[in-house]
Every structure is written in structure tokens, then in C-alpha cells.
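# Descriptive analysis of the structure
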Amino acid sequence: MLTNLVKFVSRTALIKVPISNFSSAPLILSEERLQRFRTTETDCSNHTNDHIAQFYKISEEDRKKIFLHGGIPKTFDIQTKTFNELCLMIRQPSVDVINCLKQINYSKPPVKFVLYGRKGSGKTLCLAHILHYAHKNEFLIVHIPWLGNWMRRCKEYSNSETKEGFVDLNLDAAAWLLHFKTQNAHILTNPNVKTTVEYIWSKREITPKGSNLTELIDHGINRVKYASNTIVALCNEIKILSTNGIFKTLVAIDGFNAFFYPNTRVYTEKKEVVHPHKITITEGFLNLTKSDWKNGAVVVIVDEIAIADKDQLSYMPRYLLGKDGFEHMDPFVPILVPDYSKKELTSCMDYYRERKWVNDYPGLDEEVEFISGSNPYRLMKVCAPL
């Protein structure tokens, strides 16, 4: 292991350390230190600045309700299965947003938060923490785990049958409706959650006014050709029901800037690139991120990875959203998700030690901090072979 680490460091031209400088003797950590990185407070509503850099465990029941169909990065999800538990680090950005969600006036238009930061800084996991809070506090959750999949790796696309010049992503839309239904099963049972207008899909298919919202969702899942239009209708119903006080709504979208990046991988029959605003489902979600409704909040992530490699020049919201996206979200609260602080990095390494994920020795933390640059994703990758 030590030889491999030295080769890795030398190969990246970061440092060259003689093998004799490493000690093969394991570093014994006190039980007190190993437990310091954990908190037994699993209720997100009680997380404060005192819990920063500590890990808390999400129950398997909550995981299946919230993240069954997405919301946890794939590499991190694999690691949680190896560790046999889902633990999230409590970080300042998510605590700040949760504190705001506790205090904002829901009789006003929704407050919008934009999480941003460098690649791999932990934006998606901060959003996961916020989603867990929303679930525990009876919010209706409108969550897109990763918008880039729709705009750049969609399962299929076809011309819209109802809107000329528009394109449907019906398989992705149906999968999302199932995700929405799973996350909000406890709220959709409310008898007051009913459609406010009648929806006519064809001569024989109608969703009557006053139907439970589940009927509308099931129609989109079972009749895939209508899935995209079902999402547009569902988003409209959510705005109305939320404004009427039936429930509070949290809109959470990862990779939100993909809605405003013109170079998608969705094409017309003539092989012309389709702008996101000509994709049917875009209408529904942009409708929910406007400021013309109330009793809700909007938390989105802007990320370089959601656009083409050649245009990944900055992680700042103004660049990633562009003029149209910035004006659409304005006003919003920008929330920077930074790389790990010293305390967070130590806490993460102690968690790895407890899980027997790394073979410890004196000076390990300083070495991996230097190699990873304190970036959470790079730290995870560096520690994988240790």
C-alpha cells in the first residue's frame, strides 16, 4: 500500500517522499476521538452550527423513501453500500439553508437558494441533507436528482403530439413521476390533494377535476406517451395547491443551469439541436422556479458538469446560468459550497478509520490533504486504494 501511495504521489509530480519516511506502525486512535466525528442527533431540524463537520446516519427507511430513485452521487452510493450505512456530513451550507427554511415567511413568494462551488465540493450531498429535512417536516418535494441526464443523456426523445416544434422525453418523464410519487407518498394520501381542473388527454382518456393527484401521476406513468405533458400539468397543480395552503413545497433541482445551456444532445428529426426551452418538461419546472406563487422554497445547484466540457470555464452562478437564467432566478440567495475545512477533513478521515477504510499511519491526514487539495470528491478517490 505504501509503495503504491508513493508511486501515485510521484506520478502526479506533487511530492517525492522516500519510502523510509513512512512508518508501517499503525496509529492507534482513542475511542473518544473516533466518536467525536459522529452525532446521535438524527433529526435534521435540530442540526446547528455545533454539529458542523459531524456525521449523522440516515435510516434505511428514509433512504428508500427519499433517495430510492436518485439524489445520491453514484460513487458515494457505492461507498455507502460498502460501509453498510448512509451517513452525511453536516456542513455549513446545508445548515444555513435549513435555518432559513425554518424562519422564512411562507405567505410570501418562494425564497430561492442557488448552491454553487467547485467540482466535487459536495453540493449534491448538501442538497441531500436539505431534502432529508424537507421530508421530515412534511414538505412536498419536487426533486430532479440530475438534470444533465435529461439534456445530455436522455433515454429517448420524440416530437410532441400536442405542441408543434416541441420535443418530449417521455421515458425520463415517466421515471421522474415514479420518483416524485415515491418521495411524496405520505402527502399524496391527503384527501385535499386534488386536481383543480379537468385534463383531456384523448377522446377516451380524461382526468376529471377533483381527482386525487395520484391519479394524474399514475396516468403519466402508465401512459408513457403523455408523461411529459403530465409533468407540466402536475407542476401547475402543485403551484395552485401550495398557494392555497394545502401543503408546503420544496423545489430542489441539481444541475439547474442545464435548462439554460443551448447545446443539448436532444435532436429533431432533421438532426438539429433542440434548445432546452423547446423540451416539453422544461416548461413545468421553470414554472415552479418563478416567483408567482407562495408557501414554498426553491433550492437549486448550478454545476459545471451539467454542460459540455469545452464550456466548463467557471463555477460561478452568473456564468453558468447566463443572462436568461440569472434573470429567471433573480432575486436569489447564493450559497457557496467550499472544499473541506481542516476540521471537516479530519472528521472525514476519522470516519474512514472507523469504517476500516484506510490503513492509518502518522502523517496520513497531512498527505491526503495535500494530494486532494481538501476537495471532498478527490479525497474519497485518493483514499479508496489505501
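In this text the structure is predicted, and so the values were computed from the model without any measurement.

Analysis parameters
Residues numbered from 1 in each chain as written. Predicted model: local features only at pLDDT ≥ 70, side-chain atom pairs only at ≥ 80, totals over all residues. Heavy atoms only, no water. Helix = DSSP H or I, 4+ residues; strand = E, 2+ residues; numbered from the N terminus. Contact = heavy atoms within 4.5 Å. Areas by Shrake-Rupley, 256 points an atom, 1.4 Å probe, with all protein chains shown as cover. Patch = residues over 30% accessible without salt bridge, like charges linked within 9 Å, V, L, I, M, F, W, Y side chains within 5 Å. Salt bridge = Lys/Arg side-chain N within 4 Å of Asp/Glu carboxyl O. Buried < 20%, exposed > 50% of the residue type's maximum accessible area, 1.4 Å probe, protein only. Polar contact = N/O pair within 3.5 Å; in protein donor to acceptor, adjacent residues only side chain to side chain. Phe/Tyr/Trp six-rings, centres within 6.5 Å; stacked < 30°, edge-to-face > 60°. Lys NZ or Arg CZ within 6 Å of the ring centre and 35° of its normal. Pairing = 2+ DSSP bridges. Axes fitted to C-alpha atoms, helices over the stretch in contact; angles between N-to-C directions. pLDDT = per-residue confidence, 0-100. Expected span 1.5 Å × (residues − 1). Core = buried A, V, L, I, M, F, W, Y, C linked by side-chain atoms within 4.5 Å.

### Some remarks on the overall build of the chain
Each helix and strand in the chain was counted, giving 16 helices and eleven strands. Expressed as lengths along the three principal axes of its C-alpha atoms, the size of the chain is roughly 80 × 50 × 35 Å. When contacts within the chain are restricted to residue pairs at least 6 apart in sequence, long-range pairs at least 24 apart make up 73% of them. Of the roughly 17,800 Å² that the chain leaves accessible, carbon and sulfur atoms contribute 52%.

### Things to note about a nonpolar patch on the surface
Nonpolar side chains collect at one region of the surface, where Leu 313, Met 316 and Tyr 319 lie side by side and expose about 300 Å² of accessible area between them. Structurally, the position occupied by Leu 313 is in the loop between strand S10 (296-301) and helix H13 (317-329).

### Let's talk about the environment of Pro 73
Examined against the element boundaries, Pro 73 turns out to sit in the loop between helix H3 (60-66) and helix H4 (74-83). The spatial distance from the C-alpha of Pro 73 to the C-alpha of Gly 122 is 9.7 Å, given a sequence separation of 49 residues. Setting aside residues up to four positions removed in sequence, Pro 73 forms contacts with Thr 124 and Leu 125.

### Some words on the environment of Ile 98
Within the secondary structure layout, Ile 98 lies in helix H5 (residues 92-103). For Ile 98, a relative accessible area of 1% puts it in the buried group. When the C-alpha positions of Ile 98 and His 129 are compared, they lie 8.8 Å apart, and in sequence the two are 31 residues distant. Not counting the four nearest positions on each side in its chain, Ile 98 is found in contact with Cys 44, His 129, Ile 130 and Tyr 133.

### Some points on the side chain of Glu 205
Residue placement: Glu 205 occurs in the loop between strand S7 (199-200) and strand S8 (206-207). Within the local environment of Glu 205, its side chain forms a polar contact with the side chain of Arg 223, the two groups lying 2.6 Å apart. Polar side-chain contacts of Glu 205 include one of 3.4 Å to the side chain of Tyr 226. Residues contacting Glu 205, with those up to four places away along its chain left out, are Tyr 199, Ile 200, His 219, Arg 223 and Tyr 226.

### Notes on the pattern of salt bridges
Inspection of every chain in the model, using the stated rule, returns 23 salt bridges. Among the salt bridges present, the one from Glu 344 reaches Arg 91, with a minimum N-O distance of 3.2 Å. In this pair, Glu 344 sits in helix H14 (residues 342-354) while Arg 91 sits in the loop between strand S2 (86-89) and H5, placing the two residues 253 residues apart along the sequence. A salt bridge links Lys 163 to Glu 283, with the nearest nitrogen and oxygen atoms 2.1 Å apart. Pair noted here: Lys 163 is in the loop between strand S5 (158-159) and strand S6 (167-168) and Glu 283 is in helix H12 (residues 280-288), with a separation of 120 residues, a long-range link. Its relative accessible area of 25% is what places Lys 163 among the partly exposed residues. Put simply, Arg 38, Lys 57, Glu 85, Glu 354 and Arg 355 are held in one network by salt bridges that share partners.

### Digging into the packing of aromatic side chains
Taken as a whole and assessed by the stated rule, the structure comprises 19 aromatic pairs. Members of the aromatic cluster, connected to one another through ring pairs, are Trp 150, Trp 176, Phe 180, Phe 256, Phe 259, Phe 260 and Phe 285. The ring of Phe 166 has Lys 163 sitting right over it, with the charged end atom 5.6 Å from the ring centre. The ring of Tyr 106 carries Lys 248 above its face, with NZ or CZ at 4.8 Å from the centroid.

### Some remarks on the sheet that holds S10
Strand order in the open sheet made by the five strands is S4-S9-S10-S3-S11, with parallel pairing throughout. The open sheet has two free edges, formed respectively by strand S4 (139-144) and strand S11 (333-336), since each of these has just one partner strand. Recorded for the sheet is a direction-independent mean angle of 15° between the axes of neighbouring strands. Relative to S10, strand S9 (residues 248-254) is paired through six bridges, and the arrangement is parallel. Bridge pairing in S10 links Thr 249 to Gly 296. Relative to strand S3 (residues 111-116), H5 is tilted by about 175°, and along the sheet it contacts S3, S9, S10 and S11. Set on the sheet, H13 makes contact with S3 and S10; between it and S3 the angle comes to about 170°.

### Let's talk about the environment of Thr 189
With respect to the helices and strands, Thr 189 occurs in the loop between helix H9 (185-188) and S7. Judged by relative accessible area, Thr 189 falls into the exposed class, the value being 61%. When the C-alpha atoms of Thr 189 and Thr 214 are compared, they prove to be 8.2 Å apart, with 25 residues separating the residues in sequence. Within the local environment of Thr 189, its side chain forms a polar contact with the backbone oxygen of His 186, the two atoms lying 3.1 Å apart.

### A word on the side chain of Lys 123
Topologically, Lys 123 is positioned in helix H6 (residues 123-136). From its side chain, Lys 123 meets the backbone oxygen of Gly 117 in a polar contact 3.3 Å long.

### Brief notes about the confidence of the model for the chain
In this model, the chain carries a mean pLDDT of 90, and residues with pLDDT of at least 70 account for 91%. Confidence drops under a pLDDT of 50 for residues 1-28, and excluding neighbours within four residues, the segment shows 38 contacts in the predicted structure.

### Details of H5
Here H5 is twelve residues long and its end C-alpha atoms lie 17 Å apart, about the 16 Å a rise of 1.5 Å per residue gives. If you check which residues of H5 are buried, you get Pro 93, Ser 94, Val 95, Val 97, Ile 98 and Leu 101. Residues of H5 that are buried make contact with S3, H6, S9, S10 and S11.

### Description of the nonpolar core
Most often, soluble globular proteins keep nonpolar side chains buried together rather than apart. In terms of nonpolar packing, the biggest core is built from 59 residues, with Val 142, Trp 176, Phe 180, Leu 234, Phe 256, Phe 259 and Phe 285 touching the most fellow members. Sort the elements by how many residues they give to this core and helix H11 (residues 227-243) lands first, with seven residues. Sequence-distant contacts of Phe 259, that is, excluding residues within four places in its chain, are made with Ile 144, Leu 147, Met 151, Ile 253, Pro 276, His 277, Thr 282, Phe 285 and Leu 286. Formed by 56 residues, the second largest nonpolar core is a distinct cluster that contains Phe 37, Leu 250, Tyr 351 and Cys 383.

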